[in-house]
Amino acid sequence: MSSLTQIDEAQASRVRYTIWFGLIGIVVVWFGLMPTLGGNLSLYFSLMLWVTMATAFNIIAGFTGYMPFGYVAFYGMGTYATAMLVVNYNVSPYLAIPLAGLAGMMLALVFAPTLRLGGIYFAIVSLSLAVIMQRIMGLAPDELTGGSHGLNLGAKTNRQDGYYAMLLVLVMALTTVTWLARSRLGKALKAIRDDAEAADAMGVNVQRSRLYAWLMSAGFASLCGGVQAWFTGALDPITAFDVLVTAKTVIYAMAGGLGTVTGPVVGTVILVWVDELIWREFPILNNFLLGLIIALLILFMPRGIVGTIMQRFPRTRRLIM
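Residues numbered from 1 in each chain as written. Predicted model: local features only at pLDDT ≥ 70, side-chain atom pairs only at ≥ 80, totals over all residues. Heavy atoms only, no water.

Asks: Sorry if this is basic, but what is going on with a nonpolar patch on the surface here?
Replies: Nonpolar side chains collect at one region of the surface, where Phe69, Leu117, Ile120, Tyr121, Ile124, Leu127, Val131 and Val243 lie side by side and expose about 710 Å² of accessible area between them. Among the elements that line the nonpolar patch, the one with the most residues is helix 5 (residues 119-139), at five residues. Relative to the assigned elements, leucine 117 resides in the loop between helix 4 (93-111) and helix 5. (Patch = residues over 30% accessible without salt bridge, like charges linked within 9 Å, V, L, I, M, F, W, Y side chains within 5 Å. Areas by Shrake-Rupley, 256 points an atom, 1.4 Å probe, with all protein chains shown as cover. Salt bridge = Lys/Arg side-chain N within 4 Å of Asp/Glu carboxyl O. Helix = DSSP H or I, 4+ residues; strand = E, 2+ residues; numbered from the N terminus.)

Written out as structure tokens, the structure is:
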């Protein structure tokens, strides 16, 4: 009986991953063709950015159980690292953006001691660190960060290349979280999320596992910030470290379902399109209607869309990641 169960599980796993990678392939083709089909680059770029941000946030929040309210610090660091390298040192954006990702990971290392905290304490401290980063960039010498006025990439701005760079970062994030879901590290992170002391007693290196998740999550957020700077060409401390970036990331990820691979993707796609539809049809009531939809979603689907489906229809667990 157990051997048959194992065979069934293996078949379900193959079906699940076939469906998932097939969807990723469709996503790549769809977004890849948008510029040639005359699609709205800004809309599709924004959609890819938020899917990536929500997916990266899921690594530290969904898999590990930490809720960094200051998550925008890494996004902002990515934007400024890219802009400073391009504007001040004439570095190619193709090199500046990967370096921005590394800069975000270095910042995560500086923030790493905060991982000793838990719950609301960690959330508040991470938020204060994001505010500190905003002030540092605003008060730094103008010749370095542009001060309160920010920086402008000027002729180095490239919307089409920035669009495809965002597509690459999206695929990297989805591939990484897919690997994480089936890896030993992913299982260790979920054990830490459920009970850190029990995980430690079972031999899981809690501090190291948390740090790995923290670095991956920060790295992708910084890459998003770097690509955003290249795509738009302008940035300033207020927009680069806007807490609304964190708020949107949290809402999109939770709406789909934290702790699942597909949840943040589903939640982001649905809410971004709903937001776009409401903005077109009811521009005056946009914020009110969107807020109402989010409130109802959280109220009636506290586990998110994907999480609720998996809870109410247990058989879907065999097909949904």
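Asks: Could you clarify how one ought to interpret helix 7 (residues 159-182) in this entry?
Replies: One turn of the α-helix equals 3.6 residues, which is why residues spaced by three or four share an orientation. With 24 residues, helix 7 ought to run about 34 Å at 1.5 Å a step, and its terminal C-alpha atoms sit 35 Å apart, in line with that. The N-capping residue of helix 7, defined by a side-chain oxygen 3.3 Å from the backbone nitrogen of glutamine 160, is asparagine 158. (Expected span 1.5 Å × (residues − 1). Polar contact = N/O pair within 3.5 Å; in protein donor to acceptor, adjacent residues only side chain to side chain.)

Asks: Teacher, can you tell me more about the pattern of salt bridges here?
Replies: Oppositely charged side chains can pair when the atoms bearing their charge come close. Taken as a whole, this structure holds two salt bridges when the rule is applied. For arginine 193, the salt bridge is made with aspartate 194, and the minimal N-O distance between the two is 3.3 Å. A relative accessible area of 60% places aspartate 194 in the exposed class. Residue glutamate 276 is joined to arginine 280 by a salt bridge in which the shortest nitrogen-to-oxygen separation is 3.1 Å. Of this pair, glutamate 276 and arginine 280 are both found in helix 13 (residues 263-281), four residues apart, which corresponds to roughly one turn of the helix. Using a relative accessible area of 18% as the deciding quantity, one classes glutamate 276 as buried. Taking the relative accessible area as the measure of exposure, arginine 280 reaches 53% and is therefore exposed. (Buried < 20%, exposed > 50% of the residue type's maximum accessible area, 1.4 Å probe, protein only.)

Asks: Would you explain the packing of helix 8 (residues 184-194) against helix 10 (residues 206-232) in this entry?
Replies: To characterise two packed helices, one gives the angle between the axes of the helices and the distance between these axes. With their axes 10 Å apart at the nearest point, helix 8 and helix 10 run at an angle of 110° to one another. Our classification of the angle between helix 8 and helix 10 gives roughly perpendicular. Here Leu185, Ala188, Leu189 and Ile192 of helix 8 come into contact with helix 10, specifically with Val206, Ser209, Arg210, Tyr212, Ala213 and Met216. Residue classes in the contact of helix 8 with helix 10 are distributed as eight nonpolar, one polar and one charged. (Axes fitted to C-alpha atoms, helices over the stretch in contact; angles between N-to-C directions. Parallel < 35°, antiparallel > 145°, perpendicular 65-115°, else oblique. Contact = heavy atoms within 4.5 Å. Nonpolar A, V, L, I, M, F, W, Y, C, P; charged D, E, K, R; others polar.)

Asks: What is the right way to read the nonpolar core from this model?
Replies: Nonpolar side chains in soluble globular proteins tend to end up buried together. Among the nonpolar cores identified, the biggest contains 90 residues, and Met53, Phe74 and Tyr163 are the most heavily contacted of them. Ranked by the residues each element gives to this core, the list is headed by helix 2 (residues 41-61), at 16 residues. Residues Ala188, Ala199, Val204 and Val206 belong to the second largest nonpolar core, which totals five residues. (Core = buried A, V, L, I, M, F, W, Y, C linked by side-chain atoms within 4.5 Å.)

Asks: Mind showing me how you'd approach the side chain of threonine 249 here?
Replies: Examined against the element boundaries, threonine 249 turns out to sit in helix 12 (residues 243-256). Within the structure, the side chain of threonine 249 is placed 2.8 Å from the backbone oxygen of valine 245, a separation counted as a polar contact. Contacts of threonine 249, omitting those with residues within four sequence positions, involve Trp50, Met53, Ala54, Phe57 and Tyr71.

Asks: What exactly am I supposed to notice about the packing of aromatic side chains here?
Replies: Note on aromatic pairs: each is described by the distance of the centres and the angle between the planes. Overall, the coordinates contain 14 aromatic pairs when judged by the stated rule. Judged by centre distance (6.1 Å) and plane angle (75°), the ring pair of tyrosine 71 and phenylalanine 74 falls under edge-to-face. Residues tyrosine 71 and phenylalanine 74 agree in their burial class; the two are buried. Measuring from ring centre to ring centre gives 5.9 Å for phenylalanine 74 and phenylalanine 111, while their planes differ by 55°; the resulting arrangement is tilted. Linking phenylalanine 74 in helix 3 (residues 72-89) with phenylalanine 111 in helix 4, this pair joins segments that are 37 residues apart in sequence. For phenylalanine 74, a relative accessible area of 1% gives the class buried. Put simply, the rings of Phe57, Tyr66, Tyr71, Phe74, Phe111, Phe122 and Trp214 pair up and form one aromatic cluster. (Phe/Tyr/Trp six-rings, centres within 6.5 Å; stacked < 30°, edge-to-face > 60°.)

Asks: Hey, could you run me through the environment of leucine 299 in this one?
Replies: Tracing the chain through its elements places leucine 299 in helix 14 (residues 286-300). Residue class for leucine 299 comes out exposed when judged on its relative accessible area of 60%. For the pair formed by leucine 299 and isoleucine 59, sequence separation is 240 residues and the distance between their alpha carbons is 24 Å.

Asks: What am I meant to see in the packing of helix 3 against helix 4 here?
Replies: For the pair helix 3 and helix 4, interaxial distance at closest approach is 8 Å and the crossing angle is 140°. Taken together, helix 3 and helix 4 sit at an angle that is classed as oblique. In the crossing of helix 3 with helix 4, the sense of the turn from one axis to the other is right-handed. When helix 3 is examined against helix 4, the residues Ala73, Phe74, Met77, Gly78, Ala81, Thr82, Leu85 and Val86 are found in contact with a partner set consisting of Pro93, Ala96, Ile97, Leu99, Ala100, Ala103, Gly104, Leu107, Ala108 and Phe111. (Left-handed = near helix turned anticlockwise from the far one by under 90°.)

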